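# Topology and contacts: notes
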Amino acid sequence: MTGPTALTRTRRSTELAALADGQPVDVIVIGGGITGAGIALDAATRGLSVALVEKHDLAFGTSRWSSKLVHGGLRYLATGNIGIARRSAIERGILMTRNAPHLVKAMPQLVPLLPSMGRGSRALVRTGFVAGDGLRRLAGTSASTLPRSGRVDARRAVELTPTVRTEGLDGGLLAYDGQLVDDARLVAAVARTAAQHGARILTRVSASDAEATSVRLTDELTGDSFVATARVVINAAGVWAGDLDPALTLRPSRGTHLVFDAAAFGNPTAALTIPIPGALNRFVFAMPEQLGRVYLGLTDEDAPGPIPDVPQPTPGEIDFLLDTVNTALATELTTSDVRGAYAGLRPLIDTGEGNTADVSREHAVVESASGVVSVIGGKLTEYRYMAQDVLDRALALRGLTAAGCRTANLPLVGAPANPVSTLRSEHVLPSSLVARYGAEAPNVIARARCARPTEPVAEGIDVIRAEFEYAVTHEGALCADDILDRRTRIGLVSGDRDLAAEAAAEMIAEFGDHE
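Residues numbered from 1 in each chain as written. Predicted model: local features only at pLDDT ≥ 70, side-chain atom pairs only at ≥ 80, totals over all residues. Heavy atoms only, no water.

The chain goes by Glycerol-3-phosphate dehydrogenase in an unreviewed UniProt entry, where it is assigned to Mycolicibacterium alvei. The Catalytic activity (unreviewed entry) field of the UniProt record for the chain holds the comment "a quinone + sn-glycerol 3-phosphate = dihydroxyacetone phosphate + a quinol". (UniProt positions renumbered as here; feature names shortened; annotations may be inferred.)

A word on the overall build of the chain. On a plain count of helices and strands, the chain comes out with 15 helices and 18 strands. Taking 2.2 N^0.38 as the reference for a compact globule, 515 residues should give roughly 24 Å; the C-alpha atoms of the chain span a radius of gyration of 22 Å, in line with that estimate. Its C-alpha atoms give the chain principal-axis dimensions of roughly 70 × 55 × 40 Å. In the chain, buried positions account for 58% of the 515 residues. Long-range contacts, defined as pairs at least 24 residues apart, comprise 71% of the intrachain contacts of the chain with a sequence gap of at least 6. With an accessible surface of roughly 19700 Å², the chain has 51% of that area assigned to carbon and sulfur atoms. (Helix = DSSP H or I, 4+ residues; strand = E, 2+ residues; numbered from the N terminus. Rg over C-alpha atoms; globule rule 2.2 N^0.38 Å. Buried < 20%, exposed > 50% of the residue type's maximum accessible area, 1.4 Å probe, protein only. Contact = heavy atoms within 4.5 Å. Areas by Shrake-Rupley, 256 points an atom, 1.4 Å probe, with all protein chains shown as cover.)

All right, on to the nonpolar core then. Ranked by size, the top nonpolar core spans 51 residues in total, and within it Val-27, Leu-186 and Ile-201 carry the most contacts. Contributing elements (two or more residues each) for this core: β1 (25–30), α2 (34–45), β2 (50–54), α4 (82–99), α7 (183–196), β10 (225–235), β18 (373–377) and α10 (383–398). It is α7 that contributes the most residues to this core, 8 residues altogether. Counting residues in hydrophobic clusters, the runner-up holds 28 residues, among them Ile-461, Ile-464, Ala-477 and Met-507. (Core = buried A, V, L, I, M, F, W, Y, C linked by side-chain atoms within 4.5 Å.)

With that settled, consider α2. Here α2 spans 16 Å end to end across 12 residues, near enough to the 16 Å set by a 1.5 Å rise per residue. The buried fraction of α2 amounts to 12 of the 12 residues, a majority that puts the element mostly inside the structure. All buried positions along α2 are accounted for by Ile-34, Thr-35, Gly-36, Ala-37, Gly-38, Ile-39, Ala-40, Leu-41, Asp-42, Ala-43, Ala-44 and Thr-45. Downstream of α2 by a residue or two, Gly-47 has a phi angle that is positive, lying close to 90°. (Expected span 1.5 Å × (residues − 1).)

What follows deals with the pairing of strand β17 (residues 363–367). Pairing geometry for β17 and β18, over 5 bridges, is antiparallel. What sits directly across from Val-365, in β18, is Val-375. Connecting β17 to the next strand, β18, in antiparallel fashion are 5 residues, including Gly-371 with a positive phi near 100°. (Pairing = 2+ DSSP bridges.)

With that settled, the discussion passes to helix α13 (residues 465–473). In terms of residue burial, α13 counts as a mostly covered element, since 9 of its 9 residues are buried. The inward-facing, buried residues of α13 contact α7, α11 (431–437), α12 (441–446), α14 (480–487) and α15 (494–511).

The topology assignment puts Ser-374 in strand β18. Within polar-contact distance, the side chain of Ser-374 engages the side chain of Asn-235 at 3.1 Å. Among residues more than four places away in sequence, those in contact with Ser-374 are Asn-235, Leu-248, Ala-364, Val-365 and Val-366. (Polar contact = N/O pair within 3.5 Å; in protein donor to acceptor, adjacent residues only side chain to side chain.)

What follows covers the packing of α13 against α14. Put simply, α13 and α14 touch, their axes get as near as 10 Å, and they point 110° apart. Considering their axes alone, α13 and α14 lie roughly perpendicular with respect to each other. Crossing of α13 over α14 shows right-handed handedness. On α14, the residues touching Phe-468, Ala-471 and Val-472 of α13 are Ile-483, Leu-484 and Arg-487. (Axes fitted to C-alpha atoms, helices over the stretch in contact; angles between N-to-C directions. Parallel < 35°, antiparallel > 145°, perpendicular 65-115°, else oblique. Left-handed = near helix turned anticlockwise from the far one by under 90°.)

For the rest of this paragraph, the subject is the packing of aromatic side chains. Within a pair of aromatic rings, the relevant descriptors are the distance that separates the centres and the angle that separates the planes. Within this structure, the stated rule accounts for 5 aromatic pairs. One aromatic cluster in this structure is built from Trp-65, Tyr-295 and Tyr-342. In this structure, Arg-64 packs its charged tip against the face of Phe-60, placed 4.9 Å from the ring centre. Looking at Arg-185, its charged tip hangs above the ring of Tyr-437, at a distance of 4.2 Å from the centre. (Phe/Tyr/Trp six-rings, centres within 6.5 Å; stacked < 30°, edge-to-face > 60°. Lys NZ or Arg CZ within 6 Å of the ring centre and 35° of its normal.)

Structurally, Val-325 is set in helix α9 (residues 315–326). Using a relative accessible area of 0% as the deciding quantity, one classes Val-325 as buried. For the pair Val-325 and Leu-272, spaced 53 residues apart in sequence, the C-alpha separation works out to 8.5 Å. Beyond its immediate sequence surroundings of up to four residues, Val-325 is in contact with Phe-265, Ile-274 and Leu-296.

Here it is as structure tokens:
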């Protein structure tokens, strides 16, 4: 038995057929990334009928390629953008304490004080960290949720980041920010919470010919096409927004990360944070992540031209990240240590000048000549605020009324206040399962019908078979790639993907057509 949060193939078919039969909705959202999912949730919880359509899969684009950080806005404070810095700190606090405390935790960030870092740079970082503490307090986030910054001695610095260069090490500066266990899991949680409140979440459905109150939808699984009607159509397609409205001018910026075994960094418990020479308040981070990995990122490079489905890191970006992190390591890392790499495109608003690193992360809401309302720009941390803003403005443009926004105090699926059900499992819950599913973790095992549900999907990978099944029966996974690349992040390392591919194919075959 599935519940109202479950995204199944059967539910998709039923809801898509209703749209095809001419059943109108209040809002159609185009795009299944974090912004689109956030808009669908906001609309549904205001009592509006809403359908979200996504050409590929949830979190297929930029939303799965982030640094997995929920930033407090410190970088924006340093560049004088006080508004976005304050909002970021507020939204971080909302995610960590109300929306998704199961998915966002405090991550320590250590800046090692090495001889190469001059007195001025040290003072600048320390001042920034103190300002970050001020932002945290301003946002109402307690020190028990995000500890205060401070200085640690060399011994503690090595405990936190074991491979840091020790010659001349004068301790380190330590601060805290929010870290997602996984950005794609946040998107899935937001989408399923929207479904819990009645939203239709329709993946593998592409949109074209979008107008003020209608859009042509095509089922990518069958090829069937029809025109759906709504009171307002919202374009939240991210870097692909210009495909729906060519008048939009975006300037995509590529951000690249490298994936390592955590052992290459001595299994750190803090993110090794290295200032980029010559840049104001920009760092390279080596961040401990799930599945025994460290992600090293990130870059900020212009990415002109056609938008690829899956962006690729460039050799120059890989060299830049390795060269930068090696300035702070006792043992040099090389390309042979890299287990995987990924790149994402930021949907920045084109201001026509300057480096992409200096382009504002503000978002904009634009009504096109056709009447479609588009949201462009922005950043993951502010997805909830962006959704509220675009929906408020879209309703005002159409003269529509609805209840006020509820999402600031709304727990997502898996949060302690929204465990979905109270099923119990006789099995001991792996800590990795709890990290990914929160209060919903017992359900993942209790609802499993597959053979050997608590066994790993492959040797050495801390994802169990029940998680693969749950991805299909509850999280909208329609193919093996959805499981490997977005419901889990196994696919970031090709060797791991090969090991787990058989189990993913098994779950699609067994549960994909009959939940």
